[in-house]
Amino acid sequence: GALVYQYPRRTICKSGTSMRMECQAVGFQATSVAWYRQSPQKTFELIALSTVNSAIKYEQNFTQEKFPISHPNLSFSSMTVLNAYLEDRGLYLCGASVGQGQDTQYFGPGTRLLVL
Amino acid sequence: GDSVTQTEGLVTLTEGLPVMLNCTYQTIYSNPFLFWYVQHLNESPRLLLKSFTDNKRTEHQGFHATLHKSSSSFHLQKSSAQLSDSALYYCALSGDTNAYKVIFGKGTHLHVLP
């Protein structure tokens, strides 16, 4: 079956430092990978969408300078939170899709980021 | 832009009673996919249902939903709530066939009491 792993599951960083998180798709080729953030008491905000053979598209309020993403192949993606501050805390989810068009996104368990 | 509205932030009911969680959406696309995801405490969201076909009932694990394009709705229902159904439920929309982009509603917390 389709599985998505994320690493680390939980991390703590000091304010102003950076944190890199990884997403691995197993059992399928992730044509696209979306990164979301679920801040405390909020829904999932799409940060950016990375699709094979297309440029990474960032949503409003999120930038490449703050959340650089790498998607080197169809099974792996990483995102870094640069210069993290309190408002960056939350659960970061990776959603990977297979196939074309409007396909189901399979979510990883998330990386929970705490900022001190 | 696309949006998903879930009017109830919290639904509390007694075990055995029927469940209905509301979801309406707005999209410029004529053939959207609608999803229901369930998220239990400290877990990631898991797909519960999805639908693409107008007026067709979709069922899974006792839950069902029917996409009604005429009213832009995709309400989640279950005939009899169980304690284990307590969780956060997110209605979500994917409208752009080329973007793989999923828009989530704010979520409804279902709390089932014994």
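Caption draft 1: Structural detail: the environment of V38 of chain B. Residues and elements named next belong to chain B. Tracing the backbone shows V38 in strand β5 (residues 33-39). Exposure remark for V38: the relative accessible area of 3% places this residue in the buried category. Taking the C-alpha atoms as reference points, V38 and S86, separated by 48 residues in sequence, lie 9.5 Å from one another. The contacts of V38, once residues within four sequence positions are left out, are S44, P45, R46, L48, A87, L88 and Y89.

Caption draft 2: Quick peek at the state of the cysteines. Residues and elements named next belong to chain B. With the rule as written, the count across this model stands at 2 disulfides over all chains. The partner cysteine of C23 in its disulfide is C91, sulfur to sulfur 1.9 Å. One disulfide, between C23 and C91, carries an S-S torsion of -65° and so falls in the left-handed class. Pair noted here: C23 is in the loop between β3 (19-21) and β4 (24-26) and C91 is in strand β10 (residues 87-94), with a separation of 68 residues, a long-range link.

Caption draft 3: Local environment of unusual backbone geometry. Going from Y7 of chain A to P8 of chain A, the amide bond is cis rather than trans, its omega being -5°. Relative to the elements of secondary structure, P8 of chain A occurs in the loop between β1 (3-7) and β2 (10-13). Here N61 of chain A, not a glycine, exhibits a phi torsion of approximately 80°, which is positive. Following the sequence through the fold, N61 of chain A ends up in the loop between β6 (57-58) and β7 (69-73). Here N61 of chain A falls in the exposed class, since its relative accessible area comes to 70%. The phi dihedral of Q61 of chain B is positive, around 50°, even though this residue is not glycine. Tracing the backbone shows Q61 of chain B in the loop between β7 (57-60) and β8 (63-66).

Definitions and limits used
Residues numbered from 1 in each chain as written. Chains lettered and ligands numbered in written order. Predicted model: local features only at pLDDT ≥ 70, side-chain atom pairs only at ≥ 80, totals over all residues. Heavy atoms only, no water. Helix = DSSP H or I, 4+ residues; strand = E, 2+ residues; numbered from the N terminus. Buried < 20%, exposed > 50% of the residue type's maximum accessible area, 1.4 Å probe, protein only. Contact = heavy atoms within 4.5 Å. Disulfide = S-S within 2.5 Å.

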